[in-house]
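Below, each chain spelled out in residue letters.
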4 protein chains.
Amino acid sequence: MFFHQRFVPGLAIASYLLGDEKTGEAVVVDPTRDVQPYIDIAREENLHIKYILETHIHADFVCGSLELQNSLSGHATICVSGHGGADWKQPFADRELSEGDRLEVGSLNLEVIHVPGHTPEHIAFVVKDASRNSDKPWFMFTGDFLFVGDVGRPDLLGEDEKQKLANQLYDSVFDKIAKLPDYVEIFPAHGAGSLCGKAIGSRNSSTLGYERRVSEAFKETTREKWIETLLEDMPLSPSYFQRMKKINRDGPALLGSKRHSVSRMPTKEFHRRVFENSLILDVRSKEAFAAAHIPESINIPLGSNLPTWAGWVLPYDRPIVLVLEKASDLGEVWNHLIRVGFDRIEGFLEDGIEGWEQAGYPLNKVETETVSELRNHLNDSRNGRTVVLDVRTEQEWDAGHIEGAVHIHGGEIKERFTEIPKDRPISVVCGSGYRASIASSFLLRNGFDHVSNVMGGMTAWKASDYETVS
Amino acid sequence: MFFHQRFVPGLAIASYLLGDEKTGEAVVVDPTRDVQPYIDIAREENLHIKYILETHIHADFVCGSLELQNSLSGHATICVSGHGGADWKQPFADRELSEGDRLEVGSLNLEVIHVPGHTPEHIAFVVKDASRNSDKPWFMFTGDFLFVGDVGRPDLLGEDEKQKLANQLYDSVFDKIAKLPDYVEIFPAHGAGSLCGKAIGSRNSSTLGYERRVSEAFKETTREKWIETLLEDMPLSPSYFQRMKKINRDGPALLGSKRHSVSRMPTKEFHRRVFENSLILDVRSKEAFAAAHIPESINIPLGSNLPTWAGWVLPYDRPIVLVLEKASDLGEVWNHLIRVGFDRIEGFLEDGIEGWEQAGYPLNKVETETVSELRNHLNDSRNGRTVVLDVRTEQEWDAGHIEGAVHIHGGEIKERFTEIPKDRPISVVCGSGYRASIASSFLLRNGFDHVSNVMGGMTAWKASDYETVS
Amino acid sequence: MFFHQRFVPGLAIASYLLGDEKTGEAVVVDPTRDVQPYIDIAREENLHIKYILETHIHADFVCGSLELQNSLSGHATICVSGHGGADWKQPFADRELSEGDRLEVGSLNLEVIHVPGHTPEHIAFVVKDASRNSDKPWFMFTGDFLFVGDVGRPDLLGEDEKQKLANQLYDSVFDKIAKLPDYVEIFPAHGAGSLCGKAIGSRNSSTLGYERRVSEAFKETTREKWIETLLEDMPLSPSYFQRMKKINRDGPALLGSKRHSVSRMPTKEFHRRVFENSLILDVRSKEAFAAAHIPESINIPLGSNLPTWAGWVLPYDRPIVLVLEKASDLGEVWNHLIRVGFDRIEGFLEDGIEGWEQAGYPLNKVETETVSELRNHLNDSRNGRTVVLDVRTEQEWDAGHIEGAVHIHGGEIKERFTEIPKDRPISVVCGSGYRASIASSFLLRNGFDHVSNVMGGMTAWKASDYETVS
Amino acid sequence: MFFHQRFVPGLAIASYLLGDEKTGEAVVVDPTRDVQPYIDIAREENLHIKYILETHIHADFVCGSLELQNSLSGHATICVSGHGGADWKQPFADRELSEGDRLEVGSLNLEVIHVPGHTPEHIAFVVKDASRNSDKPWFMFTGDFLFVGDVGRPDLLGEDEKQKLANQLYDSVFDKIAKLPDYVEIFPAHGAGSLCGKAIGSRNSSTLGYERRVSEAFKETTREKWIETLLEDMPLSPSYFQRMKKINRDGPALLGSKRHSVSRMPTKEFHRRVFENSLILDVRSKEAFAAAHIPESINIPLGSNLPTWAGWVLPYDRPIVLVLEKASDLGEVWNHLIRVGFDRIEGFLEDGIEGWEQAGYPLNKVETETVSELRNHLNDSRNGRTVVLDVRTEQEWDAGHIEGAVHIHGGEIKERFTEIPKDRPISVVCGSGYRASIASSFLLRNGFDHVSNVMGGMTAWKASDYETVS
């Protein structure tokens, strides 16, 4: 058996390539949209991808099934859940699977079980290996149903659905898989950091038995209490999740070789785009952005969290043009953006910010301050006007914040910036300065004049032993 | 938790890098001697290697603990089993571990259990994760004690020891780990293809519960019957295993930057070496070797099986000089050879076989024949003299061979070639021609004149529907 | 000024990328068909390719002008000679240049001079640099008119034309460029090894003055004597040159992304292709080919001489399927073949020769022998039948060959193999065994049974101090 | 003949590897201290480096002869000029060469001529090629004697020497090489951008004849007038040149594998170093540095000009610790620094500026402003206090600057910052902001409080059509 787990940091996606070396048949589970790695590995291992499986309609990334099938010239069958009913049908699939269906991949046998809760149609795959003369279940691809230390959150489809889904999830956890033995290994679709769970553990596999004993999700209690605990302290659900759902239900557009048509834009052409409704995404470091950037541009520094923040803050209806640290960053930025459905990447500033500067075009900046400077401002009785805006999560905020600070989760800044007074200096703070830079770029874009990013954020504040309140 | 399994094909070695991202502490289990990958990954993940663990004294590869410690400038503690007594002491270690000892690596807790059987001193590590508020065992590094679908063979220390070790192994399997729950994941030191087991499965992890139900090794029966079955059909133990044991007990020599001193030898210098007792190892393909090679050279075509065959057939007391397909193959050949203790690699033929040919120096060759040609020879009543030498394993031989063939396992050819008549044409056959090429090179080196390699071997023979006997 | 000479070994092609860094304008002279390097370098240097120039209609490689223009989305002007008349028109060009025309590339000025001889329409470009306030000529792109140590041969268009062209060449050399000063550097389109000259020197640039004093091509004598000397000892002109001329005149087909559609063929599909008129090209080493190859396949070992030999011996009207040493060789083989116009590369044997062997399909081989064995055969009075076939050039043959050998230039084996007796053993010899392997594969394909390749060839023969005759 | 010119941008160094393919002998001329490229190419081409030549004692980079010899295990002879007398002896050399000496490298013949002027001992090498049956000179390695469009400046050894050297240079140019014919190609040790000449042209080769006609350096006039013109408008000589001279005379220290011992420093250790006299070099972009940097650190953004600026502004007597954009930049920074003799690179900040920020350690910043903002300040009658500091060269300054600006060449800021008033806001301007960032970091380090870097510099100012004076 060939078994490969591919992990994409940031979105923390785990997808799988499983094959039988004897027959050369293989299956891919929950692929991302940048599909070349699956193709390369299959080729290297002399495997032919027979099935592409989706455990459910993903909310946090664009599913790669169609893209993978297309790159394989159609030689693979896309299978999705058949439990979705009219609302959650995926018309692009070749086959719908229901509870009890079995797929054969060489000597491997994948049996479908329906495990609603994270979504209504969610399925999982229990794998048996006939080559070991056994009809015992060996491991399970759990998708977003069951994570290490957590379950998939049931609140993503809105208030109306969440109680119903939480009830289904209770049944899936305690009833549906009750007969599966402790020794079954589980391979989920996400690891730590994903917003599809509340507190996903940092290993990417475990066993049913260990989770049953250790995971919060299996703690025995009444149904009501279990649901209450589950829904408590749920992190904010990114607004872009709604859009992902729709894209994944209808079938995402094919990318093909579109990446190679991203244009290198001379400074003047780029300048023209600004007036033509293109959105400028600047992926340089928070420091470089702070010192000099193109007015109106949004900063999301390149890194594994770029796609999540792009989903949180960027509009989907505008073409994007990029400001890169260096041209060779394009490939990585492209992968991050297409994974969350930003396909309209039209070009990047060929000569970088330096070309823009030398053309004498306008620039804007974010002030930077240290925690020590911030504290001095706040303590200065003559001041009294500085607003500290804390853009961390509810959980981080609760664990300790600066007295008097205003709290708006960074992902909500787009909708809630009107709550902040425009006529006072704003010091934006997060854990490090990363999210504060994103938020700062939004404030500047919306007419705020005095915005500064607190370098090192609350990590530095606490490292300096400055006081916090909870 | 950071968890990484590194798998080396061919010798099928699985080693592990496990770390706690919060504290940055990490541990490496059973490293191979080419240690750069551990260092690179630890660096990338911002981890500091605190412990280097050996589950036991390996027989099939040179342990990399000392090399790794040295490359880390000594900043890591080597821990080995303290259950070896006077015979199996490893004086190079910094610390001896005994049943019940615990190592802390950040929030991770590794508890030692003594599981003799494969070797007398063998230990395993049961891992718990305090960060999940649990004292439940999560997974276990089993070394060569327990594989997926198999146990570590107890017959490697010789006839005298094997009954005793088999008895200990029975206790380790059925008694010692009896209290460990089914849901514990197991991570062994070897995967399919390793000669440390009889029939290791092709996945590189499993769970205790699944193995207890499915593995031959857990099949319940009497102690006597279990031991009898275990020792049945055991594959031949490579003779080089004895040497590895000794090296790993005493502590292998440090390599440091020795690799960079492998010399590019001009044709004339290489020619001189042949007369100075250097052994010539030719790693070109079996076809290239067949058509033209330096007399007396041994052919082991480059590939993941090179180290095992080097261990089987090469003498350890001679410096080695190499004939490569191209100079850039050196790094890969080096890694393969040092993993099994061939450190005296002095150089390679700078201009390749072509330089040798153009110097007018002597050449030798192996004849090649197809299965169809072989069959015609055998059926030709005027012939009657061709000897078919089958160098596959006992198990392959038993599953079907050519009538009248002589069987000598390829690994024993060095000792048993005298059983083959020198005055008759020899057609050497294996599964593909790979092992047959190694054996053919040995026969030529030992004075056989008419040696041919059957291309495609028994795979081709069977694909042609030619008759076999069992 | 940005100046880059790109040299392709084997065909020994020198092409040029010249640009003015201030304006960003650039020009490419005589590009090959694998155009990515020009694009990459121009991008790296922030240059925009304005012109693509052809000095003449090349005979030895497919010109890359159209491919380059297409890869630049048409943003470049292709300029060719306008001196070709009706016969040598290149309709695909955007502009025809005549004596005295000037092209401006930033401050650089390229002036056209008509220098017929190698071909009737041949032009050269004399470059001046206005940024140095000078109207002095600095250097010249000479194409195949003038090489280091040689001139472009005038005999490629056939017997009828060669006297006429040689006369024109005399005028071009002694009259046309007479007024150009000694200090002008020359940058030719070919280096040592190219068959477009007789004896091209091994540096890739020189000066007019040095060549005028040292080159054979400038030796002063009568016109008649000069032409006589020039045409003496001319190496054989490859037959594929005719085809190149035609392709380059009419405009080569565009390749675009065709390379990515070369198929990985499973053994069975490959086997089927053999019966469907595909030509098998085996690019493994001569030794690997000798020991085992697919019947009817042609061997041209991978290396910089592959394209020349492909042009000599492969038919242009058949699709090609490949046998590679390893899959990753495909890119290099592709580049070699398309440079000489073999565009119909349909696929390669996915599992290599080993898959073929193991399927039990038929194999063929070339015998190998050493020079010592060959000499023994020839000296053996009982033998007397072995034919030595020497496939080297006329010049090599004349410098010393084995007594009694038959001489056929390797490039002519396709037409002249009928001169060799079929019923006698043939020992093929060249300088090393490379060309002998190509020729051997041809003989086998044409029904010869006893063919052997003499390893090391005449180099080994001479190194062994065996006798030769001249 | 194998001929390779290696060009290092920034310092604009051209060094050479020249070999005879037939005998395999080769020579390297004026190597830099990062010697691996010479070794790799020689290996690839099957050449053995026989001689390492120095044309003179370099002033702008550390010569790599000793390092190269050491990396070749001593198997190469270092040859230097023997015309230096007692003052300019290089005791590390194996051989001193004098006018008329000849070196043989296969069929190549290198003849020494003494061409003082740039330095007293300067020699050049005239190359003839016996394989072309010629005793004509073909080309010349001119070192810093003769560049394309320029000669080596004679003013680097101080006021006392410069008239004497200029006189010698006149003789070398007009007398010593007078007998060398026009057609000789010249290969100098520097291209455009090097400070060893005044106005070196942008191609890296030319011919004597072309230069005699076009170069300012050959303009015929009286000796006095020629010298006067030569010494006019000479760019400022970097102060580090003195140090290079001394190092290169005495023989630079060997680096060996020292690069691998550059330490990854945790934030706390790095913090400690600041108090232990280590100099912090921050090579991030000018924008990132502006927004947040470690107090007292010097910014020289990574790029080909880093070594020259390091030479200008960094002290040689302090160990250096680095702040990098990312860890993988280390190799490039290392090469830049060792080329100009900064060997004491002790480590880099492991977690980058982010780790420092999050530790709550102090930060400093440079203000940034646009040209439009600067102009508004200057025009604001209430202001009147802003000092514009222009750090460009004399030549750039003369071609147009902002009215009222103060001019100090960036390379002199270390000595002349006291000329600038400390109590007024300083706007630093250069061509782009690069040199202004270096100068700004110096001012901050020396107690200036209000320092801002004008983004885009005078290029932006002029692009905006703002007024300048000359």
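Predicted model, so just to flag it, every value in this text is computed and none were measured.

### Things to note about the relation of the copies chain C and chain D
Least-squares fitting of chain C to chain D yields an RMSD of 0.1 Å, with the transformation described by 0.0 Å of translation along the axis and a rotation of 179°. Taken together, the rotation and translation describe the operation of a two-fold axis. Scanning chain C for the C-alpha nearest the rotation axis identifies Y183(C), at a separation of 2.1 Å. When the interface residues of chain C are mapped onto chain D, 100% of them again fall at the interface, so both copies present the same face.

### Some thoughts on the packing of aromatic side chains
Tallying each qualifying case throughout the model produces 92 aromatic pairs over all chains. On the numbers, 5.7 Å between centres and 80° between planes, the contact of F174(A) with W226(A) is edge-to-face. Taken as a pair, F174(A) in helix α3 (residues 159–176) and W226(A) in helix α5 (residues 223–231) lie far apart in primary sequence, 52 residues in all. By relative accessible area, W226(A) is classed as buried at 4%. The ring of F3(B) has R203(A) sitting right over it, with the charged end atom 5.3 Å from the ring centre.

### Here's the deal with the pattern of salt bridges
By the definition in use, this model includes 132 salt bridges over all chains. Where K176(B) meets E99(B), a salt bridge forms, and the shortest distance between an N and an O atom there is 3.1 Å. Of this pair, K176(B) sits in helix α3 (residues 159–176) while E99(B) sits in the loop between β6 (95–97) and β7 (102–105), placing them 77 residues apart in sequence. The exposure class of K176(B) is partly exposed, given its relative accessible area of 24%. Given a relative accessible area of 35%, E99(B) falls into the partly exposed group. A salt bridge links K326(D) to D329(D); its shortest N-O distance comes to 3.0 Å.

### What to know about a negative patch on the surface
Residue and element names in this part refer to chain A. Taken together, the side chains of E228, E232, D233, E394 and D398 make up a negatively charged region of the molecular surface. Here D398 is to be found in helix α13 (residues 394–398). Since its relative accessible area comes to 43%, D398 is described here as partly exposed.

### So, the interface of chain C and chain D
At the interface, 27 residues of chain C touch 27 residues of chain D. With both sides pooled, the region where chain C packs onto chain D buries about 2200 Å², and carbon together with sulfur makes up 59% of that total. On inspection of chain C and its partner chain D, the count reaches four salt bridges. One can count twelve residue pairs in polar contact (both at pLDDT 80 or more) joining chain C with chain D.

### Side note on the side chain of S206(B)
Locating S206(B) in the fold gives a position in strand β14 (residues 206–207). Taking the relative accessible area as the measure of exposure, S206(B) reaches 0% and is therefore buried. Side-chain polar atoms of S206(B) contact the side chain of E211(B), separated by 2.7 Å. Setting aside anything within four residues of it in sequence, one finds S206(B) in contact with W138(A), E185(A), V148(B), V184(B), E185(B), I186(B) and E211(B).

### Some remarks on the side chain of T142(B)
Residue and element names in this part refer to chain B. In this fold, T142 is placed in strand β10 (residues 139–143). Assessed through its relative accessible area of 0%, T142 is described here as buried. Contact partners of T142, with chain neighbours within four places excluded, come to H122, A124, I186, F187 and P188.

### Observations concerning the relation of the copies chain A and chain B
With an RMSD of 0.1 Å, the fit of chain A onto chain B corresponds to turning through 180° and sliding 0.0 Å along the axis. With an isologous cut-off of 70% or more, the 100% of interface residues of chain A that recur at the interface of chain B puts this contact in the isologous class.

### What to know about the confidence of the model for chain A
In the predicted model, chain A carries a mean pLDDT of 94, and 100% of its residues have values of at least 70. The ipTM for the predicted assembly is 0.93, set against a pTM of 0.90.

### So, the environment of D20(C)
All names here are of chain C. Topologically, D20 is positioned in the loop between β2 (13–19) and β3 (25–29). What makes D20 buried here is its relative accessible area of 8%. Note: C-alpha distance between D20 and I247 (227 residues apart in sequence) is 32 Å. In this structure, D20 is in contact with E25, L47, V105, G106, S107 and L108, ignoring residues within four places of it in sequence. Within the structure, the side chain of D20 is placed 2.7 Å from the backbone nitrogen of K22, a separation counted as a polar contact.

### Here we look at the interface of chain A and chain B
If you look at the interface, chain A gives 27 residues, while chain B gives 27 residues. Summing the contributions of chain A and of chain B, the shared interface buries around 2300 Å²; its carbon and sulfur component is 60%. The tally of links between chain A and chain B comes to four salt bridges. One salt bridge in this structure joins E211(A) and R132(B), with 2.9 Å as the shortest N-O distance.

Criteria and cut-off values
Within each chain, residues carry numbers counting from 1 in the order of the written sequence. In the order they appear in the text, chains get letters beginning with A and ligands get numbers beginning with 1. Confidence filtering applies because this is a predicted model: local features only for residues at pLDDT of at least 70, side-chain atom pairs given and counted only at 80 or more, and all residues used for totals across whole chains, interfaces and linings. Excluding hydrogens and water, the side-chain values take into account all heavy atoms of the structure. To superpose the copies, least squares is applied to the C-alpha atoms of every residue with a pLDDT of at least 70 in both. Contacts between residues were defined by any pair of non-hydrogen atoms, one from each residue, lying within 4.5 Å. Any Phe, Tyr or Trp ring, taking Trp's six-membered ring, that has another such ring centre within 6.5 Å forms a pair; planes under 30 degrees apart are called stacked, those over 60 apart edge-to-face, and the others tilted. Helix and strand definitions follow DSSP, with helices as H or I runs of at least four residues and strands as E runs of at least two, each counted in order from the N terminus. Remark: exposure states derive from per-residue accessible area (1.4 Å probe, protein chains only) relative to the maximum for the residue type, with buried under 20%, exposed over 50%, and partly exposed in between. For a ring to carry a charge above it, either NZ of a lysine or CZ of an arginine must fall within 6 Å of the ring centroid while also lying within 35 degrees of the normal to the ring plane. Any carboxyl oxygen of Asp or Glu within 4 Å of a side-chain nitrogen of Lys or Arg constitutes a salt bridge here. Within the patch definition used here, like charges are joined within 9 Å and nonpolar side chains (Val, Leu, Ile, Met, Phe, Trp, Tyr) within 5 Å, considering only residues with over 30% relative accessible area and no salt bridge. Per-residue accessibility takes into account occlusion by the displayed protein chains alone, with areas from the Shrake-Rupley method and a 1.4 Å probe. We score Asp and Glu as negative and Lys and Arg as positive, and we do not count His or the chain ends. A charge is said to be at NZ when it belongs to Lys, at CZ for Arg, at CG for Asp and at CD for Glu. The term buried area denotes the loss of accessible surface (1.4 Å probe radius) that occurs when two parts are joined, taken as the sum for both partners. N or O atoms within 3.5 Å of each other form a polar contact, as long as, within protein, one can give a hydrogen and the other can take it, and as long as residues adjacent in sequence are counted only when both atoms are side-chain atoms. A residue's pLDDT is the predictor's confidence in that residue, given on a scale from 0 to 100.

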